[in-house]
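Structural overview for review
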Amino acid sequence: MFMRFIYKFSSPPYFYAISAKMLPWLTVLFLVLLGYGLYGGLVTAPADYQQGDSFRIIYVHVPAAWMSMFIYVVMAISGGIGLVWRIKLAEIVSISSASVGASFTFLALVTGSLWGKPMWGAWWVWDARLTSELILLFLYLGIIGLYSGIEDKRTASRAVAILALVGVVNIPIIHYSVEWWNTLHQGATVTKLDKPSIHIDMLIPLLFMAGAFKVYYFIALLLRSRNELLEREQNAKWIDELLENVK
Amino acid sequence: MSEFFAMGGYAFYVWTAYGLTFVLMLLGIIKPLLNHKHILRRLILKRQREKTS
């Protein structure tokens, strides 16, 4: 049943049609999660006893940082699937993730910098967490550059998948950097086996924001994948029929 | 209300972080939407050219 759904979902005309139906629902879900997350994070959550209101940057910084790693893993796995089984949609999902992941990585770095300046007294330090996240940004940019540099998109996808898979090694490095090295960046407060060391009133808005960012990624991914699909399949018969209906 | 916008003296850092996030996320939706329109228009023109030639 599940495999049949996946098989059907990865057929280009079906994907194009169903994604159009999913987008409005996803947008509603995103706005609800975002609205609650923002209200909770900016209004109801109490100020931190050490950091005051500056801690509220957490509600954009941490979800962006989580997404920067999550999207990388999705990109590498779907790239790997495309590499092994030559599934066109997997290749498309992989490359369409890259620019979304790159913007979240950039946001994680910049919002972190805006948090670091008032708390640490520095915009940037060469600490393990920050440096490994910067390397992640370079990996994304390298992947985007490599893809656009190769004319044949199927060849480009294979090259990108290999680069993405090699770069996966950086993901555990980012996550454990705060434990392996003595960093200025604070340790994990949520993603650890022990109980989260953050108050529930602060935690719940964070989880809503993380949910909102995840739905946002899905929306952005669908929009980009649809475009990439049109570009790649531009001579296919189903596109003829599609264009007839657009006119 | 003004207390809310002051963010305990961290207004610049907090609102810049939220503002940048908002702008980048909005652009990340607008760009592919515009691109979608361009692609459709280009493909329609291409089909018309093929028919006439």
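Note that the structure is predicted; figures quoted are calculated from it, not measured.

Turning next to the overall build of chain A. When helices and strands are counted, chain A shows nine helices and zero strands. Shown N-terminal to C-terminal, the secondary structure of chain A runs as helices and strands in the order α-α-α-α-α-α-α-α-α. Against the globule reference of 18 Å for 247 residues, chain A gives a C-alpha radius of gyration of 20 Å, in line with a compact fold. Along the first, second and third principal axes, the C-alpha set of chain A runs to 60 × 35 × 35 Å. Residues classed as buried in chain A amount to 51% of the 247 residues present. Carbon and sulfur atoms make up 68% of the accessible area of chain A, which totals about 12300 Å². One finds the centroid of the 19 positive side-chain charges in chain A at a distance of 5 Å from the centroid of its 16 negative side-chain charges.

Along the chain, Arg47(B) falls in helix H2 (residues 11-52). If sequence neighbours within four positions are ignored, Arg47(B) has contacts with Gln234(A), Asn235(A), Ala236(A), Ile239(A), Asp240(A) and Leu243(A).

What follows deals with the pattern of salt bridges. Residues and elements named next belong to chain A. Counted according to the given criterion, the structure contains seven salt bridges over all chains. We note a salt bridge from Asp-53 to Arg-56, for which the minimum N-O separation is 2.9 Å. Here Asp-53 and Arg-56 have matching classes, each one buried. With a shortest N-O distance of 3.2 Å, Glu-91 and Arg-154 are connected by a salt bridge.

With that out of the way, let us pick up the nonpolar core. Residues and elements named next belong to chain A. If you look at the biggest cluster of nonpolar residues, it comprises 79 residues, and the most contacted ones within it are Tyr-59, Tyr-72 and Phe-104. It is helix H8 (residues 200-232) that contributes the most residues to this core, 16 residues altogether. Every residue in contact with Tyr-72, bar those within four places of it in the chain, is listed here: Met-67, Leu-136, Leu-139, Tyr-140, Ile-143, Leu-163, Ala-164, Gly-167, Val-168 and Ile-171.

Right, let's get into a nonpolar patch on the surface. A cluster of nonpolar side chains, contributed by Val73(A), Ile77(A), Ile81(A), Val84(A), Trp85(A) and Ile87(A), occupies part of the molecular surface with about 550 Å² of accessible area. Counting through the fold element by element, Val73(A) comes out in helix H3 (residues 58-85).

Procedures and definitions
- Residues numbered from 1 in each chain as written.
- Chains lettered and ligands numbered in written order.
- Predicted model: local features only at pLDDT ≥ 70, side-chain atom pairs only at ≥ 80, totals over all residues.
- Heavy atoms only, no water.
- Helix = DSSP H or I, 4+ residues; strand = E, 2+ residues; numbered from the N terminus.
- Rg over C-alpha atoms; globule rule 2.2 N^0.38 Å.
- Buried < 20%, exposed > 50% of the residue type's maximum accessible area, 1.4 Å probe, protein only.
- Areas by Shrake-Rupley, 256 points an atom, 1.4 Å probe, with all protein chains shown as cover.
- Lys, Arg positive; Asp, Glu negative; His and termini not counted.
- Charge placed at Lys NZ, Arg CZ, Asp CG, Glu CD.
- Contact = heavy atoms within 4.5 Å.
- Salt bridge = Lys/Arg side-chain N within 4 Å of Asp/Glu carboxyl O.
- Core = buried A, V, L, I, M, F, W, Y, C linked by side-chain atoms within 4.5 Å.
- Patch = residues over 30% accessible without salt bridge, like charges linked within 9 Å, V, L, I, M, F, W, Y side chains within 5 Å.

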